[in-house]
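Breakdown of the fold
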Amino acid sequence: MRTARKIVIFAAILTLFLGAFSTLVSAQITEIVSDPEDDVIIISEDVFEGDTGEDFVLEKTADKPNIDITKLTYIREEGSTQVTVKLEVNSRGIIEDRNDFEDVDPDDLTFTGSIVTYGLSLETSENFYEMEYMAGNCTLNYGEINATVIGNVLSITFNLDDISETFVSLIGTTMQFDINSLTDIKYYMDIAPDSALFTAYPSASPTTAKTGESINFAGEYDDSFGISVAPYTYTWTFDDGTTSNEQSPTHSYQSPGTYFVRLKVEDSQGLSSEGTIQVTITTGQSSNGGNTNGGSTDDTDDGAGLLLFIVVIAIIVIIGVVALVFVIRR
Ligand SMILES: [Ca+2]
Ligand SMILES: [Ca+2]
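Residues numbered from 1 in each chain as written. Chains lettered and ligands numbered in written order. Predicted model: local features only at pLDDT ≥ 70, side-chain atom pairs only at ≥ 80, totals over all residues.

Re the sheet that holds strand β5 (residues 82-89)
Read from one edge of the open sheet, five strands run β1-β4-β5-β11-β10, paired in antiparallel fashion. Two strands close off the open sheet at either side, each with one partner strand: β1 (28-34) and β10 (147-150). Going across the sheet, the axis of each strand differs from the next one's by a mean of 15°, ignoring polarity. Sheet analysis places β10 next to strand β11 (residues 153-159), joined by four bridges and oriented antiparallel. Bridge pairing in β11 links V149 to L154. (Pairing = 2+ DSSP bridges. Helix = DSSP H or I, 4+ residues; strand = E, 2+ residues; numbered from the N terminus. Axes fitted to C-alpha atoms, helices over the stretch in contact; angles between N-to-C directions.)

Structure below.
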């Protein structure tokens, strides 16, 4: 009896130990994006008409807990391609199943109702995964996928394309269209994180250049909802060990290859966004140098022509002089 008890205690300790060990081995990679409560934006029709003046202020409401994102979660088992992403709305709300866009008949002027969509956008080091949940149906990159809804939490589990992919960002977007009539549509939305509304846009011209050739970079940002505050700082990382703090710097590369140029735009409140642009550098002299060479080649051509002209004139003059001497002697 005593031996049996010892075996049971030993087994219990071993189980606990193995449990703790397996937890350590199958570690999870978790990323959490938090979003404020009750920051659902009411968008007036003015936005659609492009009337976003300097003083435009977006209204926020606490009346839409069902589309008020509070938390996004990314969970990945280490060493596995399986990923679970979760979108959590306000604890006072639920994930809703309303109408699909397909339920709205454009010819039916009497249609009234709401459309609610939940979107998740996962960027990894290799890919983008776009998920949308609407009216009980879920899609992943436009293909159907299962989703689990428990109260105020939407969960989607899927496999990444490649084991080597790493987490870059997770953005959640919720939208609600309240259609009272075709001329009375109210539009609500929430985005998590709010910084996703502020996007850096780097550009380069040209994007393919030769070594030594000047490339003009331009730093821009998109802030359609006017959430950022001037002044802005621009930080360029050229991927060749050099950087610049100009908004639109000029840069040239000394070695051929592919470069991933990063632009970070930051506002005065610490809101920041980063964007990447790829430039390809090929071997050879820059087009500027080529033009110079071309010019000098043209000069050489002109010089040869002039020399030939002088030689011809000289020959004519010599023949003339010889002829003149010959005539005089006679
Ligand atoms: Ca929110
Ligand atoms: Ca938000």
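Let's talk about unusual backbone geometry
Going from A192 to P193, the amide bond is cis rather than trans, its omega being -5°. Mapped onto the elements, P193 comes out in the loop between β13 (184-192) and β14 (199-205). With omega at -5°, the peptide bond leading from S205 into P206 counts as cis. Here P206 is to be found in the loop between β14 and β15 (208-210). Residues other than glycine seldom take positive phi values, yet N141 does so here, at roughly 45°. Take N141: it is sitting in the loop between β8 (137-140) and β9 (143-144). Positive phi outside glycine occurs at D239, with the angle close to 70°. Locating D239 in the fold gives a position in the loop between β17 (233-237) and β18 (243-244). Assessed through the 16 C-beta atoms surrounding it within 10 Å, D239 is described here as partly exposed. (Buried ≥ 20, exposed ≤ 12 C-beta atoms within 10 Å, placed from the backbone.)

Here's the deal with the sheet that holds strand β19 (residues 250-251)
What the three strands build is an open sheet, ordered β14-β16-β19; its pairing is antiparallel. The open sheet has two edge strands with one neighbour each: β14 and β19. Two elements, strand β16 (residues 215-222) and β19, share two bridges in a ladder whose sense is antiparallel. When the bridges of β19 are listed, N216 appears paired with T250.

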